[in-house]
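Take a look at the letters that make up each chain.
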Amino acid sequence: MKLIFLFILLGVFSVNAQDKIDLYGHRNDFEKVRLSEVAQSVTYIPLETREECLLGDELQIFYGKEAIFVGDQKMGAYYRFDKKGKFLNQIGRKGNGPGEYASALYFYVDEPERRVCLISPQTKTVYAYGYEGNFLGKTVFEETPWMIQKVKEDYLFYNSRFNRIKSDQDVKELYLADKEGKIKASLPTTIEDQDMDMLLFEMPFFYIYQGNIFYKNPLLDMVYRIGTPLALEPCYEIQTGPMNRSKNDFKNMERLAEQVSIRTIIETDALLLIVYAYRDSFYNLYVDKAERLVRNVRNEFPGFVEDLKGGPDFLAYWQGSSSEKVLISLLTDQEIERQEDKFNQVASKEPGLAVLEYDSNPVLVVATLK
């Protein structure tokens, strides 16, 4: 086992702003890590392909306690599948009629209330639907919601245009709104560099760990925990490279590819998994908390060695999330084709995979963590 680096502090992921993970310094150091080191089982779930639920290549996925929810961001359509991949129903309808949504970019699953919230930044609206797709109502916000999190009865969300700081010195980054959309509290931007006066190409994100909400802005290396009352508590730092970035680095695709871009974080008591983009590919940085070490994961292709069933390399999906103790990977036609031998090895043992045709909906791979 190759040790990339040891953490200095025993409580590395306690709330200590001085804790640092040097991702940038090890961005080209890869090693093979077996999926069985972190997971006890893996399940392949082919999402049913039907005319009414054809999926594109820009998907947001939530693996919930009762069902799998998928948002097609290109089409602005949202679907529910059961845990075996069978299509159940569409969530709402796009349009201008009663109970329809004019536009939606992301979704949030409120499992306690069995609701799916479709988020429309263009109209500052969140549309609520039941699991079966029935319209429950909508909330129009005073400010623009993007990705949201429920905080009891309130909504926590960020403003993607918070970094337009040259024209407005009182720019807000995070908002807390009540169920009627009224702003209860807000936090100012964390961006101090006034040259970063631009729309974000990469969205901030939230993640949940031990009932706490964590937050990361892609223009900063710091990860924050959301405090109560609304506050940002520095938690730890993931070093992604020189901070003298310019606007041109985000407008030039070649320069942008050289930037390390953290897209999501998955945390449990045992591990921290950082999903990041670098040079036009996605990678997983695996942090073993017990061993206090970090490994940059790569097999033949980016991802864990799938040694539980011998399938394609397992790369945690950057737009996948779950309320369960799992990691989610996504096998598209392209991934299946370039790892055909490994996929066929699994498909030969699982009839549902053997009947897949080209242009089928993707296969969801779910690894249950130890």
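Just so you know, these numbers come straight off a predicted model, no measurement behind them.

J.: When you look at the overall build of the protein in this model, what are you seeing that I'm missing?
T.: Looking only at helices and strands, the protein features 5 helices and 25 strands. Pairs at least 24 residues apart make up 53% of the contacts formed inside the protein by residues separated by at least 6 positions. Roughly 17100 Å² of accessible area belongs to the protein as shown, and the carbon and sulfur atoms make up 47% of that amount.

J.: Would you take a moment to explain the pattern of salt bridges for this structure?
T.: Any two side chains of opposite charge can pair, given that their charged atoms come close. Under the defined criterion, the tally for this structure stands at 19 salt bridges. Across the pair R34 and E37 runs a salt bridge, and its minimum N-O distance is 3.8 Å. For R34, a relative accessible area of 43% translates into the label partly exposed. Residue E37 is classed as partly exposed on the basis of its relative accessible area of 25%. One salt bridge in this structure joins R295 and E37, with 2.8 Å as the shortest N-O distance. Here R295 is found in strand β22 (residues 293-297), whereas its partner E37 is found in the loop between β1 (20-22) and β2 (39-46), with 258 residues between them in sequence.

J.: Before we go on, may I ask you to explain the nonpolar core in this structure?
T.: A general tendency of soluble globular proteins is for nonpolar side chains to be buried together. Membership of the largest hydrophobic core comes to 26 residues, with the highest contact counts inside it found for L35, V38, Y44, L273, Y286, F304 and V363. Where this core is concerned, the elements lending two or more residues are β2, β20 (271-278), β24 (326-331), α4 (340-347) and β25 (363-369). Sorting elements by how many residues they give to this core places β25 first, with 4 residues. By size, the runner-up hydrophobic cluster in this structure holds 22 residues, among which are W146, L176, A177 and Y215.

J.: Please clarify how the pairing of β24 should be interpreted in this entry.
T.: The side chains of a regular strand alternate between both faces of the sheet. By the criterion of burial, β24 is predominantly enclosed, with 6 of the 6 residues buried. Burial of the side chains of β24 extends over both faces: V326, I328 and L330 are buried on one face and L327, S329 and L331 on the other. Across 6 bridges, β24 lies against β25 in antiparallel orientation. When the bridges of β25 are listed, L331 appears paired with V363.

J.: Any chance you could explain the side chain of E350 here in plain terms?
T.: Position of E350 among the secondary structure elements: in the loop between α4 and α5 (351-354). When its relative accessible area of 18% is taken as the criterion, E350 is described as buried. The residues contacting E350, other than those within four sequence positions of it, are Y44 and K309.

J.: Would you mind showing me how to read the sheet that holds β20 here?
T.: In sheet architecture, strand pairing relies on hydrogen bonds along the backbone and comes in two forms, parallel and antiparallel. The strand order β19-β20-β21-β22 describes an open sheet built from 4 strands, whose pairing is antiparallel. The open sheet has two edge strands, β19 (261-267) and β22, and neither has a second partner. On average, each strand axis in the sheet is tilted by 20° relative to the strand beside it, whichever way the strands run. Where β19 meets β20, 6 bridges bridge the pair, whose relative direction is antiparallel. Residue I266 lies in a different strand from β20, and its bridge partner there is L273.

J.: Can you help me understand unusual backbone geometry in this one?
T.: Most peptide bonds take the trans configuration, and most residues that are not glycine carry a negative phi. Cis geometry marks the peptide bond from T228 to P229; its omega dihedral reads 0°. For P229, the location among the structural elements is in the loop between β17 (222-227) and β18 (231-239). Positive phi outside glycine occurs at R279, with the angle close to 55°. A positive phi angle, near 55°, is found at R292, a position not held by glycine.

J.: Got a minute to help me understand the packing of aromatic side chains in this structure?
T.: To describe a pair of aromatic rings, one takes the distance between the centres and the angle between the planes. For the structure on display, the rule yields 20 aromatic pairs. Pairing F81 with F87 gives two aromatic rings, centres 5.7 Å apart and planes at 65°, and the pair type is edge-to-face. Each of the two residues, F81 as well as F87, counts as buried. Among the aromatic residues, those joined into a cluster by ring pairs are Y78, Y101, F107, Y127, Y129 and F135. Positioned over the ring face of W318 is R263, at 5.0 Å from the centre of the ring. Looking at R298, its charged tip hangs above the ring of F30, at a distance of 5.6 Å from the centre.

Reading the values: the criteria
- Residues numbered from 1 in each chain as written.
- Predicted model: local features only at pLDDT ≥ 70, side-chain atom pairs only at ≥ 80, totals over all residues.
- Heavy atoms only, no water.
- Helix = DSSP H or I, 4+ residues; strand = E, 2+ residues; numbered from the N terminus.
- Contact = heavy atoms within 4.5 Å.
- Areas by Shrake-Rupley, 256 points an atom, 1.4 Å probe, with all protein chains shown as cover.
- Salt bridge = Lys/Arg side-chain N within 4 Å of Asp/Glu carboxyl O.
- Buried < 20%, exposed > 50% of the residue type's maximum accessible area, 1.4 Å probe, protein only.
- Core = buried A, V, L, I, M, F, W, Y, C linked by side-chain atoms within 4.5 Å.
- Pairing = 2+ DSSP bridges.
- Axes fitted to C-alpha atoms, helices over the stretch in contact; angles between N-to-C directions.
- Phe/Tyr/Trp six-rings, centres within 6.5 Å; stacked < 30°, edge-to-face > 60°.
- Lys NZ or Arg CZ within 6 Å of the ring centre and 35° of its normal.

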